[in-house]
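Each chain is listed here by its residues.
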Amino acid sequence: MPFGTEITEDGVRFRFWAPQTKSVDLILGTDERERRLTMQQRADGWFEVMTTEAAAGSRYRFRLDDGLAVPDPASRFNPSDVHGASQVIDPAGFRWTDEEWTGRSWEEAVIYELHVGTFTPEGSFRALQDKLDYLASLGITAIELMPIAAFPGRWNWGYDGVLPFAPDASYGTPDDLKEFVQAAHHKGLMVFLDVVYNHFGPEGNYLYVYGKPFFSDRHHTPWGSAINYDGENCRTVRDFFIHNALYWLEEYHLDGLRLDAVHAIIDDSRPDILDELAERVRAGPGSCRHVHLVLENDDNAAHYLAREADGSPRQYDAQWNDDLHHALHLLLTGETDGYYADYADAPLKHLGRALTEGFAYQGEASPYRDNRRRGEISRDLPPTAFVPFLQNHDQVGNRAFGERLSDLAETRPLRAAVTLLLLAPSPPLLFMGEEFACPTPFQYFCDFGPELAQAVTEGRRNEFARFGRFAAPELRQRIPDPSAPSTFFNSKLDWAALEIPKHREWQSFYQSLLAVRREQIVPLLKQISAGRSHFKLFGARGLSVVWHLDDGGSLILLSNLGEEPLSNLDLSSDPALAVSDPDITDSLPSGRIPAWSTAWFLMRPESTLSLIQPFGPLSPSPSPPPLPRSKGIDATRHPGREGWLRCSRRHRLRLECRGPEAKDGNGLSHPCVLDSGIQSQTVALVATLPCRNDGFGDLCKYLCPKGEGNKARLLAAQIIR
């Protein structure tokens, strides 16, 4: 690594980039016993010194020409907080025993986001190890740590880090983190890390003093000046963050990174920093084991998620699917403030599009963003390119009181939403504690110095002034103070809640659904190609979604996300793969879906067909009422017309055609077979054919009138029990 320290046979090399400084001294030791060494000035703002007076464990700082002593911006560890001395760490000093671990495929990912400081009472890397068996038994396959980069103070929710290479000392030592990662691998669990490459925190960042080229005077972010990825001296800045990504993946054996809010990374160069970082990771640690890269990107930039011909990600595996969350959250809570307003016109439609095409906004104007167009076309991406969730640190922590969704929605609606989320063909993300409806909140907390702390508290409360329920100043005073110790301690998970039946039942519910996912859904994911899924809306809040499989089968979602049951529906009686509540199973055969219900079905390719609506022209016009399912009755006659069929296992369908062959909805030809019960000039096609079907939403297209030589002509369709 070109930054920080390097232990060699000749001692320790220290390197420091300070283009605004004329001279730099290396200060070894503590305030009581210091040793000063002059660093040699190199080209392009670099200072360097090699010494035998330092070793692993040595404390050090850099003293600038104005007398200010600062920590190493590439410090591997700062045991005395971000204002104190850095410590030399030997990256080869830890004994790894996970040599056989090569990671897990992205399709297997079930991600559990957690905050180290609040996940356990101790709030440490060592304490995390005690929860690995719990997470593995729950059905988790990937732990995602919220940012652990060293931050000022005793606690922080992670996004105010200022030393990106240093695990915060409040959580433990670098070896403690490595021990946790290794233990997770031995349990079959991946470990991801959330990294922040769009800004530095407001306290403890000394780069403004000696490394101003780190920041851009042309671009700005919500947190101030943007990181300089495309201006003068940007090469060093780009290398700093690229090596940070490689550092976590290589020195800590991490399995993936989640890049925070990359829409706030402004880079007009080509390739941009996201392209270059992904290329270096894929050519480096990602060339010999599974390494996964995930984005948070409000811009919905689909091109970062492009796939190779074999379906593998070219750069980034996936992006957090905010669109899906926002639509589903609105359906559950009715909230339309802020960005939820973009989904208020048709939340179910937005949800259906997010489930089938990834982004709900693919270039449409966003009212919340002053009608600016948002997003790129994503319908050609597979479902695995998106990470859906019901809760995460943002959606909980950015609420005024940090309420969890279990405090905002009733039990049955939430069960319907959870069932939808956990079995959808996209790697889901859970937020710590949601699986047992943890009764404690997760609030925004920090521990800045007095002046900054007061400004943060006031700013936090003023953020909510535009919300009607906080319009009055006295109401905003009730919002928890981020700097109060109680805000941090109140956000710790209440593990004792698992002794209460209600919370144990939630945990068992999640566990059972994740078992279904592991056994039934994960094996199908590589069979779901891009652009082959679709959704339909029915009734006030009914939604059916179909994902077609390469073997001819289908994965089907059926949800009623409203207060009223839906009746008189023509539904399959096949057993459901999973349901959100037991009463759904008895209702489906009668064509009824209770309020707030979700059911999943898996239609195998050997399924036969049943006609459940008349043939008609291929147009978006409304469909006629379903036909009766009586044995031996002519369903309909439309000579010379194309036909739409729907499939299930309950019936066989016979299409009678005149001509040498007919074609099914996949364009496959099938010879017409003589039927002894029909005149010799009439041939019959008995439909046990491969068909892209769904049982609910997809109507398979049969082209009997457009067979070989255009001679085949549809005469009739008949249901055969």
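Just so we're clear, the structure is a prediction, and the values are computed from it rather than from any experiment. (Residues numbered from 1 in each chain as written. Predicted model: local features only at pLDDT ≥ 70, side-chain atom pairs only at ≥ 80, totals over all residues. Heavy atoms only, no water.)

So, unusual backbone geometry
- For the peptide bond that leads from Arg270 to Pro271, omega is 0°, which places it in the cis range.
- With respect to the element layout, Pro271 can be found in the loop between strand E17 (256-259) and helix H7 (273-283).
- Despite not being glycine, Asp81 has its phi angle at roughly 70°, a positive value.
- Here Asp81 shows up in the loop between strand E8 (69-70) and strand E9 (86-87).
- A relative accessible area of 27% places Asp81 in the partly exposed class. (Helix = DSSP H or I, 4+ residues; strand = E, 2+ residues; numbered from the N terminus. Buried < 20%, exposed > 50% of the residue type's maximum accessible area, 1.4 Å probe, protein only.)

A short note on the side chain of Arg404
- Its location among the elements puts Arg404 in the loop between helix H10 (393-397) and helix H11 (405-408).
- One buried charged residue, Arg404, forms no salt bridge at all, with the nearest opposite charge on Asp407 at 6.2 Å.
- A distance of 2.8 Å separates a polar atom in the side chain of Arg404 from the backbone oxygen of Met432.
- When near neighbours in sequence (up to four residues on either side) are disregarded, Arg404 contacts Gln391, Val396, Phe431, Met432, Gly433, Glu434, Cys438, Thr440, Pro441, Phe442 and Leu493. (Lys, Arg positive; Asp, Glu negative; His and termini not counted. Salt bridge = Lys/Arg side-chain N within 4 Å of Asp/Glu carboxyl O. Polar contact = N/O pair within 3.5 Å; in protein donor to acceptor, adjacent residues only side chain to side chain. Contact = heavy atoms within 4.5 Å.)

Topic: the confidence of the model for the protein
- When the pLDDT values of the protein are averaged, the result is 85; 83% of them are 70 or greater.
- Long-range and interchain partners of residues 608-721, a stretch whose pLDDT sits below 50, account for 282 contacts in this model, where long-range means more than four residues apart. (pLDDT = per-residue confidence, 0-100.)

Considerations on the pattern of salt bridges
- If you walk through the whole model with that rule in mind, you get 35 salt bridges.
- Of the charged contacts in the structure, one is a salt bridge between Arg35 and Glu53, with a shortest N-O distance of 2.8 Å. Linking Arg35 in strand E4 (residues 34-38) with Glu53 in the loop between strand E6 (46-51) and strand E7 (59-64), this pair joins segments that are 18 residues apart in sequence.
- The partner of Arg282 in a salt bridge is Asp317, and the shortest N-O contact between them spans 2.8 Å. Of this pair, Arg282 sits in helix H7 while Asp317 sits in the loop between strand E18 (292-295) and strand E19 (318-320), placing them 35 residues apart in sequence.

Here we look at the sheet that holds strand E24 (residues 528-538)
- Judged by pairing direction, the sheet is antiparallel, and its five strands sit side by side in the order E24-E25-E26-E28-E27 without closing on themselves. Whereas interior strands pair on both sides, the edge strands pair on one side only; in this sheet they are E24 and strand E27 (578-579).
- Where strand E26 (residues 554-560) meets strand E28 (residues 597-603), seven bridges bridge the pair, whose relative direction is antiparallel. Across the sheet, residue Leu555 finds its bridge partner in E28, namely Leu602.
- Seen against the sheet, helix H12 (residues 411-423) touches E26, E27 and E28 and runs at an angle of roughly 25° to E28. (Pairing = 2+ DSSP bridges. Axes fitted to C-alpha atoms, helices over the stretch in contact; angles between N-to-C directions.)

Brief notes about the sheet that holds strand E5 (residues 40-41)
- One open sheet holds the four strands; their spatial order is E1-E2-E6-E5, and the pairing between them is antiparallel. At either end of the open sheet lies a strand with only one pairing partner, and these are strand E1 (4-8) and E5.
- Relative to strand E2 (residues 11-17), E1 runs antiparallel, the two sharing five bridges. Considered in E2, the bridge of Ile7 is made with Val12.

Some details on the nonpolar core
- Within the largest apolar cluster, 163 residues are counted, with the highest numbers of intra-cluster contacts made by Phe14, Leu145, Trp248, Tyr316, Leu351 and Leu355.
- Among the elements that line this core, the one with the most residues is helix H6 (residues 234-251), at nine residues.
- If near-sequence neighbours (up to four positions away) are discounted, Tyr316 is found in contact with Leu259, Leu274, Leu277, Ala278, Arg282, Leu293, Val294, Leu295, Tyr304, Leu305 and Arg307.
- Counting 13 residues, the second-largest nonpolar core is a separate cluster that includes Trp106, Ile111, Phe192 and Phe389. (Core = buried A, V, L, I, M, F, W, Y, C linked by side-chain atoms within 4.5 Å.)

Examining the packing of aromatic side chains
- Considering all chains together, one arrives at 49 aromatic pairs under this definition.
- Taking 5.9 Å as the distance between ring centres and 70° as the angle between the ring planes, the aromatic pair formed by Phe200 and Phe215 counts as edge-to-face. Here Phe200 is found in the loop between strand E14 (190-195) and helix H5 (207-210), whereas its partner Phe215 is found in strand E15 (residues 215-221), with 15 residues between them in sequence.
- On the basis of relative accessibility, which here comes to 10%, the residue Phe200 falls in the buried class.
- For the cation-ring pair, Arg15 lies above Trp46, with the distance from its terminal atom to the ring centre recorded as 4.2 Å.
- Above the ring of Phe509, the side-chain terminus of Arg415 is found at 3.9 Å from the ring centroid. (Phe/Tyr/Trp six-rings, centres within 6.5 Å; stacked < 30°, edge-to-face > 60°. Lys NZ or Arg CZ within 6 Å of the ring centre and 35° of its normal.)

Examining helix H16 (residues 501-521)
- Between its first and last C-alpha, H16 extends 29 Å over 21 residues, near the 30 Å set by a 1.5 Å rise per residue.
- Within H16, burial applies to His503, Trp506, Gln507, Phe509, Tyr510, Leu513, Leu514, Ala515, Val516, Arg517 and Ile521.
- On its buried face, H16 sits against helix H3 (132-138), H12, strand E23 (429-431), E26 and E27. (Expected span 1.5 Å × (residues − 1).)

A closer look at the pairing of strand E13 (residues 163-167)
- A large share of E13 lies buried, amounting to five of its five residues.
- Taken together, the two bridges between strand E12 (residues 149-150) and E13 define a ladder with antiparallel strand orientation. By the bridge assignment, Ala150 is partnered in E13 with Leu163.

Examining the packing of H12 against H16
- Running from N to C, H12 and H16 point in directions that differ by 25°, and their axes come no closer than 9 Å. With respect to H16, the axis of H12 lies roughly parallel. As for how H12 packs across H16, the hand of that crossing is right-handed. Residues Thr411, Leu414, Arg415, Val418, Thr419, Leu422 and Leu423 of H12 pack against Trp506, Phe509, Tyr510, Leu513, Leu514, Val516, Arg517 and Ile521 of H16.
- For the contact of H12 with H16, the class distribution of residues is eleven nonpolar, two polar and two charged. (Parallel < 35°, antiparallel > 145°, perpendicular 65-115°, else oblique. Left-handed = near helix turned anticlockwise from the far one by under 90°. Nonpolar A, V, L, I, M, F, W, Y, C, P; charged D, E, K, R; others polar.)

Section: the pairing of E7
- Taking burial as the measure, the six residues of E7 include five buried ones, the bulk of the element.
- As defined by bridge partners, strand E3 (residues 24-29) adjoins E7 across five bridges and the pair is classed as antiparallel. Counted as the bridge partner of Leu26 is Phe62 from E7.
- Across two bridges, E7 lies against E9 in antiparallel orientation.

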